[in-house]
Amino acid sequence: MADGPARHDKPADNKNYPPRLMRLERAAAYLDISPSHFLKLVADGLLPRSVRLRGSVAWDRHDLDTAVERLKDDAINTVDRALQEMRNRRK
């Protein structure tokens, strides 16, 4: 049995928040989609590209949040336009 504290590659953090940078699996889980669907949305330009940090590929949580807000705004605008067109047809 080794003496002294156990060594870890990264400090333990028991906080209840997602990390700022997330690898593919965690980033996809953060958005509740599969990794393959996540990558398709990145390729389609709907989600941000990854960042590289010393050879690791990750996604910035803030960039993902911004992309989701933009998608929500686009969806709301699409619904608003459709409703307006329906109203205009009634007139």
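A brief structural summary. (Residues numbered from 1 in each chain as written. Predicted model: local features only at pLDDT ≥ 70, side-chain atom pairs only at ≥ 80, totals over all residues. Heavy atoms only, no water.)

Things to note about the pattern of salt bridges
Summed over the entire model, instances satisfying the criterion amount to four salt bridges. Where Glu69 meets Lys72, a salt bridge forms, and the shortest distance between an N and an O atom there is 3.2 Å. With Glu69 and Lys72 both in helix α3 (residues 61-90) and three residues apart, the pair spans about one turn of that helix. Under the relative-accessibility criterion, Glu69 is labelled partly exposed at 40%. On the accessibility criterion, Lys72 (42% relative accessible area) is partly exposed. (Salt bridge = Lys/Arg side-chain N within 4 Å of Asp/Glu carboxyl O. Helix = DSSP H or I, 4+ residues; strand = E, 2+ residues; numbered from the N terminus. Buried < 20%, exposed > 50% of the residue type's maximum accessible area, 1.4 Å probe, protein only.)

A look at α3
In an α-helix, one full turn covers 3.6 residues, which means residues spaced three or four apart are oriented alike. Spanning 30 residues, α3 covers 44 Å between terminal C-alpha atoms, matching the ideal 44 Å at 1.5 Å per step. Among all positions in α3, only Arg61, Leu64 and Ala67 are buried. On the buried face of α3, the contacting elements are β1 (21-22), α1 (24-30), α2 (35-43) and β3 (56-60). Between a side-chain oxygen at the N-terminus of α3 and the backbone nitrogen of His62 the separation is 2.7 Å; the capping residue is Asp60. (Expected span 1.5 Å × (residues − 1). Contact = heavy atoms within 4.5 Å. Polar contact = N/O pair within 3.5 Å; in protein donor to acceptor, adjacent residues only side chain to side chain.)

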